[in-house]
Amino acid sequence: MSVRNQLKLIVGGLSARRAGRPARVNQATREFFDRSRAVAMLIFFATVTSIVVISSAGLTTLNVPVLPNQVATTRVVAGAAFSYESAEKTNALREQFSNRVPPIYRIDGEPFRKFEAAARDLLVNLELFERAHPDRTPVMGSRRADLTPVVEAFNARGPYNASVDDVAAVLSAGDAKVRSALFENGLAALRDLAVEGVHDDSLGGAGPGSVTVFQIARPSGNIASRPVQSLEEAMTFLRVNLAVEGLPRPSSLALFRLFRLGLAPNVVFDPEATRRREAETVRQMKPVIVNVARGQTIVEPGERVTPEQHEMLMAHRRYVREHTDSDFAENLTLFGRILLVFAMVIASVLYIRLEDRETLQSNGRLGLLALVVIANLALVRLVYSIGGLDFFIHDGSWASTLPYVAPTALAPLIVAILIDAGSAIFMALLISIFTGIIYGNRLDLIVLTFLASMVAIFGCREVHRRSRVVRAAAAGGLTLAIFALPLGFADQVPLATLLRQMTAGLANGILTGMAVVGVLPVLESLFKRTTDITLLELTDYNHPLLRLMQLEAPGTYHHSLVVAQLAENAANAIGANPLLARVCALFHDIGKTANPAYFTENQRERMSPHDMLPPAESARIIKQHVTDGVELARRHHLPGAVIDVIQQHHGTTLVRYFYARALAASRAPFPPRDAHETQHPLGKIVTPSVPDQGYRYDGPRPQFKESAVISLADGTEAATRSLRALSPEQLGPLIERIFNERIAEGQLDESPLTLEELAKIRNSFQFTLLNMLHARLGDAAADQSPTSEAKA
């Protein structure tokens, strides 16, 4: 070995000695904080206080999203007397007044003008016909044929159906002068009727003899109420005016039938004038002012919110925001909320005690649970508080989207990955309950968020990839969106609002998954938790430390692979974490890469560098690989569990080979393997002349199951290399001896392994070794290598 390496080892040894006591002190401090009941009670009361503050302090019904036609979940009472202009009541009153505004009509003179023009043309045509047929014989034969085009020309001028006989009768009433007088008299009667107006029975329901009054719009724009004759009354007026003295009855009747064609209802509904009249009436109305007394109930729970109640609620919120006096605040009952939080937290403790006692005994796990639950509820409360912004107060449809934005699955996902699914389910229930309480005791929100969290937890079982976390959270968000659809239809939520809620639920799931992936490394480092995701990434054999071991210490690398296989199978047999055991075993001896030649599995030549060193120095070099391994692990940011295994896998065992050399050099008797003192044949206690403190690993002893399994696997693998042949007859007693030695030395006293689990580990080791190394033959038993003895 070079002088440089020797100096490095000496300096490293001195620094390790100096660092030994502080390391033990830090370990004791960590143990105190992790196991102290006082710290656990502090976590309990801090959790209760935080949840009470989050779910109660300043919590009012002002931000509870309420939509019209939605079933209310909480009672809202006016905190102060206030008044507001009610648009709903004003609109209803305006609609009533609009319905009471009589329709406006106008007189349409066009029908009379068309008939007048047609009648005058007929009069001219009759005069021409008379000149063409001067004889006054009855209209028959050819004369009738010549009169027919005149009648048809008249009928073509409008919706007229005058007959040839009627026109002939009018023609026979007298000469052109008489006919002109008759026509002028009839047109004057029609003109008077057209000016006054004529209506049909569809516009007026008056009985016979009554007068119907209409609102008539004049050309000037003024509106006047005036009586209007019905069509029947107008015909009577026309018949009377056409009854001329001396006129034959047939001619009089024919003249009436002809001029009756010019009589038509001309009172027409005027929509534009009616709208102007309604608008003017509405404009003159004053808004309805609603006065609300203090203590008056605005919204009752369990009842559907009417538009008027919703308007009153919005007005109340605006008033309270403008008058921020605490007298007007709607603080919920604090005492009841404290009792509820106490009950939920105590229920959580009881559940953890029943299902996961390991969590209850670790303040680190309890602190993790408390932190993620408090942080999750704080985020829910933050989203709720956003509803107090003016935008959400004035737009309830957007405010109703906020409950679907609250990341209620965040803490359950983290707990499911870092601890277990059972604790995550209870955390999901707790967060869902308080989310429903924060949003106004909404049972539907409790059920929806709990279901979404359960789907996300189910998707995260045995998760090994970070992308699966996002997919699981997205599945929870999709569940929230799907079940929001029928609930929205049941509550008569508008389609646009419902689509926003569904989109918010889906986006919430995706963003929650991304947030969990981002925060997991921080929580792993802070609480010394290691997820299967991180562990699976560390099994990559291209990891820098594993590559370094392959190149610098290939024998140690092979030894680590065998130990990893042994530990993984044994951990699986006793219900521990096999992936954690495998990863920790792969890295447990990385410290040997600093001085690989001092370990027998890496020595290619028969000569060992220990032959030139005193036993104490050799023992120090052997022990140094633990310190070097911890330093390398921290430098490469390996998880805390891996660092713990590096420190614990040798426990406080004795580097027996070099301690035996030291005793031999001092000619002192070697103590038995299970004690530091030996019994003299004469009954006196003989203490070895060489203290064993410098020959024992600094520890600590294995603290958890995976660490204890790796410690046993490490010693077993090293010992099996001394066997000539691997058979059940030889392997069984060897494994039994190693286990008994570790138990007798107290190396497993601080681990949670039971005797039943030790038996399963022993059987697993034997089965794995026989299947892995059944064809190996060797004569390693002829020699006792330094490192083999040190490990055994």
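See the structure shown above.
Description of the structure in this document. (Residues numbered from 1 in each chain as written. Predicted model: local features only at pLDDT ≥ 70, side-chain atom pairs only at ≥ 80, totals over all residues. Heavy atoms only, no water.)

1. Describing the overall build of the protein chain
- Across its full length, the protein chain holds 32 helices and eleven strands.
- With 792 residues in all, the protein chain has 48% of them scored as buried.
- Of the contacts made within the protein chain by residues no fewer than 6 positions apart, 78% connect residues no fewer than 24 positions apart.
- Summed over all atoms, the accessible surface of the protein chain reaches about 38,500 Å², with 58% contributed by carbon and sulfur. (Helix = DSSP H or I, 4+ residues; strand = E, 2+ residues; numbered from the N terminus. Buried < 20%, exposed > 50% of the residue type's maximum accessible area, 1.4 Å probe, protein only. Contact = heavy atoms within 4.5 Å. Areas by Shrake-Rupley, 256 points an atom, 1.4 Å probe, with all protein chains shown as cover.)

2. Structural notes on the pattern of salt bridges
- Scanning all chains against the criterion turns up 24 salt bridges.
- Arg 582 is the partner of Glu 568 in a salt bridge, and the nearest nitrogen-oxygen pair spans 3.0 Å. Pair noted here: Glu 568 is in helix α24 (residues 554-574) and Arg 582 is in helix α25 (residues 578-587), with a separation of 14 residues, a long-range link.
- A relative accessible area of 14% means that Arg 582 is categorised as buried. (Salt bridge = Lys/Arg side-chain N within 4 Å of Asp/Glu carboxyl O.)

3. Thoughts on helix α11 (residues 307-322)
- Here α11 spans 23 Å end to end across 16 residues, near enough to the 22 Å set by a 1.5 Å rise per residue.
- All buried positions along α11 are accounted for by His 310, Glu 311, Met 312, Leu 313, Met 314, Ala 315, His 316, Arg 317, Tyr 319 and Val 320. (Expected span 1.5 Å × (residues − 1).)

4. As for the packing of helix α8 (residues 231-242) against helix α9 (residues 249-260)
- Interhelical geometry of α8 versus α9 gives an angle of 140° and a closest axis separation of 10 Å. Classified by the angle their axes make, α8 and α9 are oblique. For α8 against α9, the interelement crossing comes out right-handed. In this structure, α8 contributes Met 235, Leu 238, Arg 239 and Leu 242 to the contact, and α9 contributes Ser 252, Leu 255, Phe 256, Phe 259 and Arg 260.
- Its residues placed into classes, the contact of α8 with α9 shows six nonpolar, one polar and two charged. (Axes fitted to C-alpha atoms, helices over the stretch in contact; angles between N-to-C directions. Parallel < 35°, antiparallel > 145°, perpendicular 65-115°, else oblique. Left-handed = near helix turned anticlockwise from the far one by under 90°. Nonpolar A, V, L, I, M, F, W, Y, C, P; charged D, E, K, R; others polar.)

5. Quick look at a nonpolar patch on the surface
- Judged by side-chain polarity, Leu 478, Ile 482, Phe 483, Leu 506, Ile 510, Leu 511 and Met 514 come together as a nonpolar surface patch covering roughly 630 Å² of accessible area.
- Breaking the nonpolar patch down by element, the ones donating at least two residues are α20 (466-490) and α21 (495-526).
- Per-element accounting of the nonpolar patch gives the leading share, four residues, to α21. (Patch = residues over 30% accessible without salt bridge, like charges linked within 9 Å, V, L, I, M, F, W, Y side chains within 5 Å.)

6. Points about the nonpolar core
- Phe 587, Ile 590, Leu 638, Ile 761 and Phe 765 are the most contacted members of the largest nonpolar core, which totals 54 residues.
- Ranked by residues supplied to this core, first place goes to α24 with nine residues.
- Judged by nonpolar contacts, the second largest core, of 51 residues, contains Leu 366, Met 427, Ile 437 and Leu 523. (Core = buried A, V, L, I, M, F, W, Y, C linked by side-chain atoms within 4.5 Å.)

7. Structural notes on the packing of helix α26 (residues 615-635) against helix α27 (residues 640-648)
- For the pair α26 and α27, the least separation of the axes is 9 Å and the interaxial angle reads 175°. When the interaxial angle is binned, α26 and α27 end up roughly antiparallel. Of the residues in α27, those in contact with Val 626, Gly 629, Val 630, Ala 633 and Arg 634 of α26 are Ile 643, Ile 646 and Gln 647.
- Looking at the contact of α26 with α27 residue by residue, the classes come out as five nonpolar, two polar and one charged.

8. Digging into the packing of aromatic side chains
- Inspection of the entire model under this criterion finds 15 aromatic pairs.
- When the ring of Phe 44 is compared with that of Phe 45, the centres are 5.3 Å apart and the planes differ by 85°; the resulting orientation is edge-to-face.
- Among the residues examined, Phe 44 registers a relative accessible area of 16% and is labelled buried.
- Taking relative accessible area as the criterion, Phe 45 reaches 43% and is therefore assigned partly exposed.
- Here the aromatic rings of Tyr 105 and Phe 269 are separated by 6.0 Å at their centres, their planes lie at 75°, and the arrangement is edge-to-face. With Tyr 105 in strand β3 (residues 104-107) and Phe 269 in strand β7 (residues 267-269), the pair connects residues that are 164 residues apart, well separated along the chain.
- Classification of Tyr 105 by relative accessible area gives buried; the value is 8%.
- Given the relative accessible area of 40%, Phe 269 is considered partly exposed.
- Stacked on the ring of Trp 398, the Lys or Arg Arg 500 has its end atom at 4.2 Å from the ring centre. (Phe/Tyr/Trp six-rings, centres within 6.5 Å; stacked < 30°, edge-to-face > 60°. Lys NZ or Arg CZ within 6 Å of the ring centre and 35° of its normal.)

9. Quick notes on the environment of Ile 482
- Locating Ile 482 in the fold gives a position in helix α20.
- Expressed as a C-alpha distance, the spacing of Ile 482 and Leu 506, which sit 24 residues apart in the sequence, is 9.1 Å.

10. So, the side chain of Ser 348
- Structurally, Ser 348 is set in helix α12 (residues 334-355).
- Of the residues examined, Ser 348 reaches a relative accessible area of 6% and is grouped as buried.
- Leaving out residues up to four positions away in the same chain, Ser 348 has contacts with Phe 426, Met 427 and Leu 430.

11. Notes on helix α23 (residues 544-552)
- Of the residues making up α23, those classed as buried are Leu 545, Leu 546 and Met 549. Looking down the long axis of α23, one finds its buried residues gathered within 100° of arc, a one-sided arrangement. Opposite the packed face of α23, turned more than 90 degrees from it, sit the exposed residues Pro 544 and Leu 551. (Arc of directions from axis to C-beta.)

12. Looking at the pairing of strand β2 (residues 82-85)
- Only one face of β2 is covered, namely the face carrying Phe 82 and Tyr 84; the face carrying Ser 83 and Glu 85 is uncovered.
- Looking at chain direction, β2 and strand β8 (residues 289-292) are connected through four bridges and run antiparallel. Bridge pairing links Ser 83 to Asn 291 in β8. (Pairing = 2+ DSSP bridges.)

13. So, the environment of Asn 771
- Along the chain, Asn 771 falls in helix α31 (residues 755-772).
- Residue class for Asn 771 comes out partly exposed when judged on its relative accessible area of 48%.
- Within polar-contact distance, the side chain of Asn 771 engages the backbone oxygen of Phe 767 at 2.6 Å. (Polar contact = N/O pair within 3.5 Å; in protein donor to acceptor, adjacent residues only side chain to side chain.)

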